[in-house]
Amino acid sequence: MTAQRTITEEIGEIGVWLMGEFGGRVPAAVINRVLNASKRDLEGRIDPEEFGEMFHALCRFRLQRIVAAEQRITVKIPGARPS
């Protein structure tokens, strides 16, 4: 088995795991964009043996940041008094 095949398998497994963790809170299309962007950002910069761990950490950090940003969004109703 080649190193590239191992990385591809790891990316697939990590993607499934992150879909399970964030699927109810983040749309699948957004998760896929995060996975693809993270892969592009790390390719060729990380040792193949460390790629899976770094890929997982980067994707999870980015998805947690998206969830946190959505939780900070408040809805303002025009004409309503602040409580």
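Preceding block: the structure.
Residues numbered from 1 in each chain as written. Predicted model: local features only at pLDDT ≥ 70, side-chain atom pairs only at ≥ 80, totals over all residues. Heavy atoms only, no water.

Draft legend 1. Molecular detail of a negative patch on the surface. Among the surface-exposed residues, Asp47, Glu49, Glu50 and Glu53 lie close enough to one another that they form a single negatively charged patch. Along the polypeptide, glutamate 49 turns up in helix H3 (residues 48–72). Accessibility expressed as a relative area gives 71% for glutamate 49, which makes it exposed. (Patch = residues over 30% accessible without salt bridge, like charges linked within 9 Å, V, L, I, M, F, W, Y side chains within 5 Å. Areas by Shrake-Rupley, 256 points an atom, 1.4 Å probe, with all protein chains shown as cover. Salt bridge = Lys/Arg side-chain N within 4 Å of Asp/Glu carboxyl O. Lys, Arg positive; Asp, Glu negative; His and termini not counted. Charge placed at Lys NZ, Arg CZ, Asp CG, Glu CD. Helix = DSSP H or I, 4+ residues; strand = E, 2+ residues; numbered from the N terminus. Buried < 20%, exposed > 50% of the residue type's maximum accessible area, 1.4 Å probe, protein only.)

Draft legend 2. Seen up close, the packing of aromatic side chains. Tallied over the entire structure, the rule returns one aromatic pair. Pairing phenylalanine 51 with phenylalanine 55 gives two aromatic rings, centres 5.9 Å apart and planes at 15°, and the pair type is stacked. Pair noted here: phenylalanine 51 and phenylalanine 55 are both in helix H3, with a separation of four residues, about one helical turn. Grouping residues by exposure puts phenylalanine 51 and phenylalanine 55 together as buried. (Phe/Tyr/Trp six-rings, centres within 6.5 Å; stacked < 30°, edge-to-face > 60°.)

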